[in-house]
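If you want the building blocks of each chain, they are given just below.
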Amino acid sequence: MKQFKDPEFMGQFIDKYRDMRNLWEVKNPLYRNKPARKASLEKLLQFVKTQVPDADIEFVERKIGSLRSTYRKELNKVQASMRSGAAAEDVYVPSLWYYNRMWFLEDQMEARESLSTLPSSLPSTLPSTPTEASEDQPGPSIQEEVEEPSWSQEDLSQDEALECGTQEEA
């Protein structure tokens, strides 16, 4: 797969990927259209086969995923350094050679809001404080210390006392 890593070939691959908006632009009407996506992937596959003859659709999808993942990591580093309040000259500079070529994905990398499947008004079944726990349930609360039994030499048999004595010496 060394042929795929050739910078000239990868640059062309990224450019072709950018032109196929239905593969990466979420708001594109064809983004959720499986036949259209498959047709675009087939076109990319034909291009990839010029360098990697035994490539298949899964190979192309993995390469796209790898490129996007690497770009996202670099983008996150840049954004984190900007949020940290670093001076302009201290902002992280991406070392990824194709970072600027992948810039079209920048606004597609926003994390979606998470959706809760729980109802908004659930009665709480767990006590929120240790005090509530001790009021609701008998027994010691988390904050109370439980006394550990202490054993004297008289409580132990001679064999046990000798065994404890040798352990203490060790």
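Provided above is the structure to which this section pertains.
As the structure is a computational prediction, the values presented were derived from the model and not from experiment.

Asker: Looking at this model, I keep getting lost on the overall build of the protein chain. Mind explaining?
Answerer: The number of helices and strands found in the protein chain is five helices and zero strands. Taken from N to C terminus, the helices and strands of the protein chain fall in the order α-α-α-α-α. Classification of the 170 residues of the protein chain by burial places 26% in the buried group. For the protein chain, contacts bridging at least 24 residues in sequence account for 53% of all contacts bridging at least 6. Carbon and sulfur atoms make up 50% of the accessible area of the protein chain, which amounts to about 13400 Å² in all.

Asker: Please clarify how the packing of aromatic side chains should be interpreted in this entry.
Answerer: Given two aromatic rings, their pairing is described by the distance between the two centres and the angle made by the two planes. Under the criterion given, the structure shown has six aromatic pairs. Ring geometry for F9 and F47: centres 4.8 Å apart, planes at 10 degrees, overall stacked. Taken as a pair, F9 in helix α1 (residues 7–19) and F47 in helix α2 (residues 34–48) lie far apart in primary sequence, 38 residues in all. By relative accessible area, F47 is classed as buried at 15%. One aromatic cluster in this structure is built from Y17, W24 and F104. Residue placement shows K16 over the ring face of F47; its charged tip is 5.0 Å from the ring centre.

Asker: What should I look at first to understand the pattern of salt bridges in this one?
Answerer: Pairs can form between side chains of opposite charge whenever their charged atoms are close. Under the definition given, this model contains four salt bridges. K77 is the salt-bridge partner of E74, the closest N and O atoms lying 3.6 Å from each other. A residue pair is termed a helical-turn pair when its members lie 3 or 4 positions apart in one helix, as E74 and K77 do in helix α3 (residues 57–83) at three residues. You can call K77 partly exposed: its relative accessible area is 41%. Beyond isolated ion pairs, a larger network of salt bridges with shared partners links D15, R18 and R101.

Asker: I keep staring at the environment of G11 and nothing clicks. Help me out?
Answerer: Within the secondary structure, G11 is located in helix α1. On a C-alpha basis, the gap between G11 and Y98 in space is 7.3 Å, while along the polypeptide they are 87 residues apart. Those residues within four positions of G11 in sequence are excluded, and the remaining contacts are W97 and R101.

Cut-offs used in this document
Residues numbered from 1 in each chain as written. Predicted model: local features only at pLDDT ≥ 70, side-chain atom pairs only at ≥ 80, totals over all residues. Heavy atoms only, no water. Helix = DSSP H or I, 4+ residues; strand = E, 2+ residues; numbered from the N terminus. Buried < 20%, exposed > 50% of the residue type's maximum accessible area, 1.4 Å probe, protein only. Contact = heavy atoms within 4.5 Å. Areas by Shrake-Rupley, 256 points an atom, 1.4 Å probe, with all protein chains shown as cover. Phe/Tyr/Trp six-rings, centres within 6.5 Å; stacked < 30°, edge-to-face > 60°. Lys NZ or Arg CZ within 6 Å of the ring centre and 35° of its normal. Salt bridge = Lys/Arg side-chain N within 4 Å of Asp/Glu carboxyl O.

By themselves these figures say nothing about function.
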